[in-house]
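# Understanding the architecture of this molecule
Chain by chain, the residues run as shown.
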Amino acid sequence: RLIISLPVFRSVMINPILAADVATLTQVADSYRQDLNAQFSILTDPKGTPTATPGWPHDLALPSGLQAAIRGAAAGESRRDIVPIDGKLFLVTAEPATFAEQEVLGTVTFGFALDDRVAQELAQITRADVNLVTGSTLAGSSLSKPEQQHVAAALAAGDLAAVRGVSPELRAIGEREFIEGIFPLFRDQRSTEV
């Protein structure tokens, strides 16, 4: 929200010559992406059609969860979601850039990788080991590399419980035993869990 309120950013969105200049849009979006340590940024026109996508792989289509966040921003809503992209998890934030708080000039979306670094930070806060999972893929973990390999193998084999909350069973991973728990990352969503 702070970025879309900056005069420099707004001038790029308002000026029709700059808004059509892909090189300038890409440079501006990439500059903010780097400032925020985001993996990718996506700038769109008012309809939500991407105009600049620094950091986004050129050969990868936008997944439905990311498209939904961008569509929401194009409709004038701030959106956030956790989206699986190519076997990884990303925290996605999408904001509308508006003129006089009514007309949507375009949107800006940033994607932040939820990886081992994030899992380790969550583990320090929660004082528990954290594994970030998408489907049957381990996207991030606070466990040691050998323990991560055990978890990844169990996920691939479908051996991890789909029980919500805390399991009454102990689970052995490598040389240690754990109490297993599955919890949503967002209170209002059940599909993304840790």
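Rules of the game
- Residues numbered from 1 in each chain as written.
- Predicted model: local features only at pLDDT ≥ 70, side-chain atom pairs only at ≥ 80, totals over all residues.
- Heavy atoms only, no water.
- Salt bridge = Lys/Arg side-chain N within 4 Å of Asp/Glu carboxyl O.
- Helix = DSSP H or I, 4+ residues; strand = E, 2+ residues; numbered from the N terminus.
- Buried < 20%, exposed > 50% of the residue type's maximum accessible area, 1.4 Å probe, protein only.
- Pairing = 2+ DSSP bridges.
- Arc of directions from axis to C-beta.
- Contact = heavy atoms within 4.5 Å.
- Polar contact = N/O pair within 3.5 Å; in protein donor to acceptor, adjacent residues only side chain to side chain.
- Core = buried A, V, L, I, M, F, W, Y, C linked by side-chain atoms within 4.5 Å.
- pLDDT = per-residue confidence, 0-100.

## Examining the pattern of salt bridges
Under the definition given, this model contains six salt bridges. Salt-bridge contacts for aspartate 129 lead to arginine 176; the nearest nitrogen and oxygen are separated by 3.3 Å. One end of the pair, aspartate 129, is in the loop between helix H5 (116-126) and strand E6 (131-134); the other, arginine 176, is in strand E9 (residues 176-182), with 47 residues separating them in the sequence. On the basis of relative accessibility, which here comes to 36%, the residue arginine 176 falls in the partly exposed class.

## Some points on the pairing of strand E5 (residues 103-114)
Most of E5 is tucked away, with ten of its twelve residues classed as buried. Relative to E5, strand E1 (residues 40-44) is paired through five bridges, and the arrangement is antiparallel. Each bridged residue has a counterpart across the sheet, and for phenylalanine 40 the counterpart in E5 is glycine 111. Direction of pairing for strand E4 (residues 88-99) relative to E5: antiparallel, over a ladder of eleven bridges. When the sheet's bridge partners are listed, leucine 91 is paired in E5 with phenylalanine 112.

## Considerations on H5
For H5, the complete set of buried residues consists of Val118, Ala119 and Ala123. Projected down its long axis, H5 carries its buried residues within an arc of 140°, all on one side. Exposed and facing more than 90 degrees away from the buried side of H5 are Gln124 and Ile125. Buried positions along H5 lie against E5, E6 and strand E7 (137-141). Here H5 starts with a cap whose side-chain oxygen sits 3.2 Å from the backbone nitrogen of arginine 117, and that cap is aspartate 115.

## Thoughts on the nonpolar core
Phe40, Ile42, Trp56, Leu66, Ile85, Phe90 and Val92 are the most contacted members of the largest nonpolar core, which has 13 residues in total. Mapped by element, the contributors of at least two residues to this core are E1, helix H4 (64-74), strand E3 (79-85) and E4. Looking at this core element by element, the count peaks at four residues for H4.

## So, the environment of glutamine 124
Mapped onto the secondary structure, glutamine 124 falls in helix H5. Classification of glutamine 124 by relative accessible area gives exposed; the value is 64%. Expressed as a C-alpha distance, the spacing of glutamine 124 and serine 142, which sit 18 residues apart in the sequence, is 9.1 Å.

## Focus on the confidence of the model for the protein chain
Fine structural detail should not be taken from predicted coordinates in areas where pLDDT scores are low. Mean pLDDT for the protein chain: 82, with 80% of residues reaching 70 or above. Residue range residues 190-194 is modelled with pLDDT below 50. Its contacts to residues more than four positions away, or to other chains, number 18 contacts.

## Examining the side chain of arginine 33
Among the secondary structure elements, arginine 33 is positioned in helix H3 (residues 22-35). Given the relative accessible area of 17%, arginine 33 is considered buried. Those residues in contact with arginine 33, other than ones at most four positions away along the chain, are Ala38, Gln39, Phe40, Ser41, Pro54, Gly55 and Phe110.

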